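Letter by letter, the chains look like this.
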Amino acid sequence: MLDESLLDTPDALSEADRRDLLRGAAEAGARVRTAIRLGIEAGIPDLKPDGRPRALLTAGPGMASAGVADLLGALAGSGCPLIRLHPTGVAPAAGALRWELPGWAGPVDLLLIATADGSEPGLALLVDQAYRRGSTIVAVAPPRTPVAEAVEGAHGLFVPMATGPYEQEVPLGAAAPGVLWALLTPMLALLDRTGLVAAPPDALQKVADRLDRVAERCGPAIATYSNPAKTLAAELADALPLIWTEGQSAGPVGRRFAAALAELAGRPALAAQLPEALASHTVLLSGPLAANADPDDFFRDRVEDAPVLHARVVLVRDRPTGGLSAVPAARELALGHDAAISELEPEEGSDLETLAEMIAITDFAAVYLSLASGA
């Protein structure tokens, strides 16, 4: 059950936030600025790439690394294929994970490693494998870790991960807000140098500014009725979110939101892109999860019953879209099945700014849902 009264009690939210998730979400802008500085100190602006790589290969554990790969793939578009190397192993522990390069990987490919841990022996082995193949290696990880040492030993480019001072005492998981930006920002700066993504320093500074503005709008002191993240969290109480996305960069945002709801709040969610979502999720709107589905006696006392999940559509768009759009059809389908709708549409800005706003609001919403539900 969601304790909605807690959402408008900042002291209670702070007390419930034992993992410092709200602080991590609020400091996302500062994390971007620190990551920019660390990237400059590592020498990213001085790089003179000799053409574009044939392929981008990404590796790293957990939700943050997966999010980095998904977002870079969307932003790079057709400019260069991006392949995430999925880990194998008997457990999701740093010592148990292993990564393998595809057989065709070689000197014309670029390996990007993103990890908030840095102790994974499997990533150190991957670095050695890429070095022997002649691939260029770039890694973002905590300093003075086995991964950092492996990259430096392989003559790759290592960028220290931006962290907050409190994280030395309370290590954050890969799903924590802020970790994504610490890993993603240097990668954006690097791909800007290769011409695959338009992310010059001034654009990254605007991303940090947009993240700061979202933190002001979505902070714990802002009441639910004027706080888009708290409002979304309250709307998703006792709901199965069907996250429908439209736009090139909205897809990764929707998938990250679904993963954050599961990992932070313990809530199931399904993400799909429009217009395919209208076909794949229609049955969910008319089956036992439908808003009007209640096979039991209407007059039965439900006070002691567990809440019943009903499907709720969450529309995520990366910007006001003109021309062809499946959003009107999505609204019509949802309303035709009496399904409630939540909509998230960022303010105007560059692709990176609108992307940052959507990620920040959904991160805050996942954190509020986690805290208010006692996850």
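Residues numbered from 1 in each chain as written. Predicted model: local features only at pLDDT ≥ 70, side-chain atom pairs only at ≥ 80, totals over all residues. Heavy atoms only, no water.

Asker: Is there a simple way to think about the domain arrangement of the protein in this case?
Answerer: Note on interface size: it is often stated as the accessible area lost on association of the parts. Domain parsing of the protein yields domain 1 (21-210) and domain 2 (223-373). Using C-alpha coordinates to define each centre, domain 1 is positioned 29 Å away from domain 2. Tallying the contact residues gives 22 residues for domain 1 and 23 residues for domain 2. Of the roughly 2,100 Å² buried where domain 1 meets domain 2, counting both sides, 73% is carbon and sulfur surface. If you sort the residues of domain 1 by the area they bury against domain 2, L22, M63 and R210 come out on top, with a joint share of 30%. Scanning the region where domain 1 abuts domain 2 turns up 3 salt bridges. Counting the contacts that link domain 1 with domain 2 gives 4 residue pairs in polar contact (both at pLDDT 80 or more). For the side of domain 1 that touches domain 2, the secondary structure elements donating two or more residues are α3 (21-26), α5 (62-76), α8 (179-194) and α9 (201-218). (Domains from an automatic or database assignment. Contact = heavy atoms within 4.5 Å. Buried area = accessible area lost by both parts, 1.4 Å probe. Salt bridge = Lys/Arg side-chain N within 4 Å of Asp/Glu carboxyl O. Polar contact = N/O pair within 3.5 Å; in protein donor to acceptor, adjacent residues only side chain to side chain. Helix = DSSP H or I, 4+ residues; strand = E, 2+ residues; numbered from the N terminus.)

Asker: How do you make sense of the pattern of salt bridges when you look at a structure like this?
Answerer: Side chains that differ in charge, positive against negative, can pair when their charged atoms come close. Taken as a whole, this structure holds 15 salt bridges when the rule is applied. Between R33 and D209 there is a salt bridge, with its nearest N and O atoms 2.8 Å apart. Taken together, the residues span a long stretch of sequence, with R33 in helix α4 (residues 28-42) and D209 in helix α9 at a distance of 176 residues. The class of R33 is partly exposed, set by a relative accessible area of 29%. Residues joined by salt bridges that share partners form a network here, namely R210, R217, E353 and E357. (Buried < 20%, exposed > 50% of the residue type's maximum accessible area, 1.4 Å probe, protein only.)

Asker: Before we go on, may I ask you to explain the packing of aromatic side chains in this structure?
Answerer: The geometry of an aromatic ring pair is captured by the separation of the ring centres together with the interplanar angle, meaning the angle of the planes. In the structure shown here, the tally under the stated rule is 1 aromatic pair. Pairing F364 with Y368 gives two aromatic rings, centres 6.1 Å apart and planes at 25 degrees, and the pair type is stacked. In this pair, F364 and Y368 are both assigned in helix α15 (residues 351-372), 4 residues apart and thus about one turn of the helix distant. Take F364 and Y368: they sit in the same class, and that class is buried. (Phe/Tyr/Trp six-rings, centres within 6.5 Å; stacked < 30°, edge-to-face > 60°.)

Asker: Teacher, can you tell me more about the sheet that holds strand β4 (residues 136-141) here?
Answerer: Within a beta sheet, neighbouring strands are joined by backbone hydrogen bonds and run either parallel or antiparallel to one another. Taken together, the 5 strands give an open sheet; going across it, the order is β2-β1-β3-β4-β5, and neighbouring strands pair in parallel fashion. At either end of the open sheet lies a strand with only one pairing partner, and these are β2 (82-84) and β5 (157-160). Going across the sheet, the axis of each strand differs from the next one's by a mean of 15 degrees, ignoring polarity. In the sheet, strand β1 (residues 56-59) pairs with β2 via 3 bridges, with the strands oriented parallel. Looking at β2, one finds that L56 is bridged to L82. Across the sheet, α8 lies against β1, β3 (110-114), β4 and β5, angled at about 160 degrees from β3, the strand it touches most. (Pairing = 2+ DSSP bridges. Axes fitted to C-alpha atoms, helices over the stretch in contact; angles between N-to-C directions.)

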